[in-house]
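Chain residues, written in single-letter form:
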Amino acid sequence: DNGGVQTAMLSLASIREGFWGLDPQKATGIVRACHDFGAKMVSDHKGRFGLLAPLNMIDIDSSLKEAEYGLDQVRADGIGVQSSANGRYPGDPYYNPLWEELNRRKAVVFFHGPVPDCCGALKVGPGVNPAVGEVTFDMTRAVMSLLANGALARYRDIKWLFAYGGGATPYIAGRMEAFFKDAKNLHDIAPNGVMAELRRLHYDTVNVTAAPSFAALTKLAPMTNITYGTDFPYFANDQLDTLDQRGLSAKDLAAIHAGNAKRLTPRLA
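What you see is a predicted model, and the numbers here were worked out from it, not measured in a lab.

K.L.:
Can you help me understand the nonpolar core in this one?
P.N.:
Nonpolar side chains tend toward joint burial in soluble globular proteins. Of all hydrophobic cores here, the largest spans 67 residues; its most connected members are Trp99, Leu102, Phe111, Trp160, Phe162 and Leu198. When residues in this core are grouped by element, the largest group, five residues, is from helix α4 (residues 134–148). Ignoring sequence-local partners within four residues, the contact set of leucine 102 consists of Ala67, Leu71, Ile79, Ala107, Val109 and Ile158.

K.L.:
Is there a simple way to think about helix α11 (residues 250–264) in this case?
P.N.:
The terminal C-alpha atoms of α11 lie 20 Å apart, and with 15 residues this matches the ideal 21 Å at 1.5 Å per residue to within 8%. The largest bend in α11 amounts to roughly 60° and is located at isoleucine 256. The secondary structure elements touched by the buried residues of α11 are β4 (108–112), β5 (159–162), β6 (202–204), α9 (211–220), β7 (226–227) and α10 (239–244).

K.L.:
Honestly, the pattern of salt bridges in this entry has me stumped. Any pointers?
P.N.:
Opposite charge on two side chains makes pairing possible when the charged atoms of those side chains draw close. Under the criterion given, the structure shown has eleven salt bridges. Linking arginine 141 and glutamate 134 is a salt bridge whose minimum nitrogen-to-oxygen distance equals 3.6 Å. Salt-bridge contacts for glutamate 197 lead to arginine 156; the nearest nitrogen and oxygen are separated by 2.9 Å. Highlighted residues: glutamate 197 in helix α8 (residues 194–199) and arginine 156 in the loop between α5 (151–154) and β5, separated in sequence by 41 residues. The exposure class of arginine 156 is partly exposed, given its relative accessible area of 34%. In this structure, a network of salt bridges that share partners links the residues Asp72, Glu101, Arg104 and Arg105.

Basis of the calculations
- Residues numbered from 1 in each chain as written.
- Predicted model: local features only at pLDDT ≥ 70, side-chain atom pairs only at ≥ 80, totals over all residues.
- Heavy atoms only, no water.
- Core = buried A, V, L, I, M, F, W, Y, C linked by side-chain atoms within 4.5 Å.
- Buried < 20%, exposed > 50% of the residue type's maximum accessible area, 1.4 Å probe, protein only.
- Helix = DSSP H or I, 4+ residues; strand = E, 2+ residues; numbered from the N terminus.
- Contact = heavy atoms within 4.5 Å.
- Expected span 1.5 Å × (residues − 1).
- Bend = angle between axes of the 7 residues up to and from the residue.
- Salt bridge = Lys/Arg side-chain N within 4 Å of Asp/Glu carboxyl O.

If you want it as structure tokens, here you go:
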């Protein structure tokens, strides 16, 4: 209400990789509770919420069942996953059955980032929270994984949406292109080129509304592929002010605020 937000999309906050070491059965119990809680919020507060149903991503069979439950029983607007799970990134062939099913459904798949186990203990200075950089770097690795393993090219009907503006993806897009351009399978993983694959992805504005970050994002992605995000409860709506300072047209600002989200999830319209 304070930020003027009429409808917010619910998704699972950052969690430790692998659901804190839980087995698939216990992790599924948490996921189901989140599905049902989210569905109740949507039902109890008409028009105020949408739901991106979480998956555990530590076990492919239970994740497939969770996706079916979330989309068919809970009627979620899409799927929400972490950028990695137990060191496994989303381009890993292990996840192909899941992407095949979500591609068939033309689903929205939203990626949110944990501090990965590989790097959470890194100490770069007193008082520096690993989340300052590691969640964005993990998101970057997720994008690279999907690109390098051909998932972006194969599953064309999934609407891929990445938090934090895709992490460092906009800044290192040229580096990705330079390293992948000589790959023998380039046509298979990026039939229209690396930049084309990255441009057609969807990105949110969490922590990328400052001038340098936003410049990189908007040089890569069209305005039609950028959606407003808060990262609540870690952040609230303070990023609305910095977004207003980017000198956007009223049309582009309206698209980022709401229009692009409505195209991704037509029920919201």
